[in-house]
Amino acid sequence: MSKKSQVPPAPGGTRGHPPDPAGLPPSQPVRPPAEVDVSPRASALISLAEHAAGRLSYAVRAVPDQEALVYSLLLRDVLSSARLSGHTVSPIETWKAALIAHHPRGAGGRARADVDAATGDDPLSRFVRAARLLADEIAEGEPADAALLGRVSAVLTGHEPGSTGDGLRRTESVLTAGPDGPPYARATPPDQLPSALAAWDEWLAGPFEGPRLARIAVGHAVLELNQPYPVANGHVTRLFTTAELVRRGLVDVPVLSLSPWLDDHGEEYHRRLLRVAEHGEWSAWVEFFARGVQEQALATIELIHAQAELREELARSVSGPPSLRKVLDALPTAPVTSIQALVDLHGLYERTAAQITRDLERQGTLRALVERPFRIFVCDRAMDVLSLQRAAVTEHVRDAFRPPADPPSTAPPEETTP
């Protein structure tokens, strides 16, 4: 969900407009409940979602390079981040920009090395830096409290962490369905944000009566509805959700991002949030959220399996020395590469890396994208697997909650005249 407020255009394209609250009722801060009375249906969906998340963690353990998988999914989230900000960018362009940011002159740094070295004025770099800041702090045991989320928001808007004070929004804001969608609800008034964030910190540190997934669902809704920061609230909320799924132990590493699923269910997402804000329908929201976690976890498992199959196909189709096998194994999770990236990632000599790219280009496994500032290659098959993957639709699960069909008739068939 995006927002419009009385702020100048933010770096990276999040647009600022004076809100148009005509016809929208006044809002109150959305405070997280200490417990949620989940329905039996919601409880069943939570169980299915947690089971799917566990299966995903198991599948990740079989991936040769888990760091590369995490980074590839992070870059996929950049596409969702761009859409939230009103931008359109292709997956290949995203990967190419990331590679150039890491290797501005074709040398230095690992292919996935310290993103903080990338230019802070680049929206791609800001999003990756913010995601890594939050993931690193969560890994160190820090809670996603108002202070940490404020630092994440600062990075997303091109500032140094902690350089914007409390970082809270100072102007009125409304919630919109997409970057250009009409406003449908007011966000929390700015003078009530400090108390709302204090309540957030207290809730985050306190006990919660209910499943851990329900707690994460509540946190997501509270952040999105309160819109505490001047810009990038949708990004902060999604990053929080990915990090909390790790912090609460549903997955081992940050590979379960709901961004693709939320992009596909945007209309229902906004409608469910509005029902929470206006009527406190938390159980229905938890149902929706749990369904998203389950379907996206299953989709990511399918992605991992598809990447493993591609890895095997590449190994069968091309023969060569162990150095070539290293490169082929990495392509499904790192589909855009360069000679210097191969040197840094696999410890190859530059001459060896150059020869491998020539051989793979000649065989059709790699395709040259650009020649300057240095040659960049893409494995189109790997990019297709990564970028075309969508969230699974678990119809068999939904069938379990539908009313039973009419039983078949036991009446004898009517006689027909020959």
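Provided above is the structure to which this section pertains.
Described in the following lines is the structure provided in the data block. (Residues numbered from 1 in each chain as written. Predicted model: local features only at pLDDT ≥ 70, side-chain atom pairs only at ≥ 80, totals over all residues. Heavy atoms only, no water.)

Right, let's get into the layout of surface pockets. If a probe as big as a water molecule is rolled over the atoms, it shows which places are left empty. Reported here for the largest pocket is a volume of approximately 480 Å³. Surrounding the largest pocket, 21 residues form its lining, Val70, Ala131, Arg132, Ala135 and Pro254 being those nearest its centre. Within the residue set of the lining of the largest pocket, elements represented by two or more residues are helix H2 (66–84), helix H4 (123–139) and helix H8 (233–247). The element contributing the most residues to the lining of the largest pocket is H4, with seven residues. Looking at the lining of the largest pocket residue by residue, the classes come out as 15 nonpolar, two polar and four charged. (1 Å grid on protein atoms, 1.4 Å probe; cavity = no way out; pocket = protein on both sides within 12 Å on 5 of 7 lines; lining within 4 Å. Points joined across faces, edges and corners; volume = space filled by probe spheres on them. Helix = DSSP H or I, 4+ residues; strand = E, 2+ residues; numbered from the N terminus. Nonpolar A, V, L, I, M, F, W, Y, C, P; charged D, E, K, R; others polar.)

Counted by the stated rule, this structure contains 16 salt bridges. As a salt-bridge pair, Glu244 and Arg248 come within 3.1 Å of each other at their nearest N and O atoms. Judged by its relative accessible area of 2%, Glu244 is buried. Here the salt bridges do not stand alone but share partners, grouping Glu244, Arg247 and Arg248 into one network. (Salt bridge = Lys/Arg side-chain N within 4 Å of Asp/Glu carboxyl O. Buried < 20%, exposed > 50% of the residue type's maximum accessible area, 1.4 Å probe, protein only.)

Okay, the side chain of Gln296 next. Within the element layout of this structure, Gln296 appears in helix H11 (residues 282–317). Polar side-chain contacts of Gln296 include one of 3.5 Å to the backbone nitrogen of Trp261. (Polar contact = N/O pair within 3.5 Å; in protein donor to acceptor, adjacent residues only side chain to side chain.)

Each aromatic ring pair is characterised by the separation of its centres together with the angle its planes make. With the rule as written, the count across this model stands at nine aromatic pairs. A centroid spacing of 6.1 Å and a plane angle of 45° characterise the contact between Trp285 and Phe289, whose relative ring orientation is tilted. Of the two residues, Trp285 and Phe289 are both situated in helix H11; the distance of four residues between them amounts to about one turn of the helix. Accessibility assignment for this pair places Trp285 and Phe289 in one class, buried. Clustering of aromatic rings is evident, with ring pairs tying together Trp261, Tyr269, Trp285, Phe288 and Phe289. (Phe/Tyr/Trp six-rings, centres within 6.5 Å; stacked < 30°, edge-to-face > 60°.)

The end-to-end C-alpha distance of helix H7 (residues 212–226), which contains 15 residues, comes to 21 Å, matching closely the 21 Å that a straight helix rising 1.5 Å per residue would cover. Burial runs high along H7: 14 of the 15 residues are buried. Residue Gln227 follows H7 closely and has a positive phi angle near 50°. (Expected span 1.5 Å × (residues − 1).)

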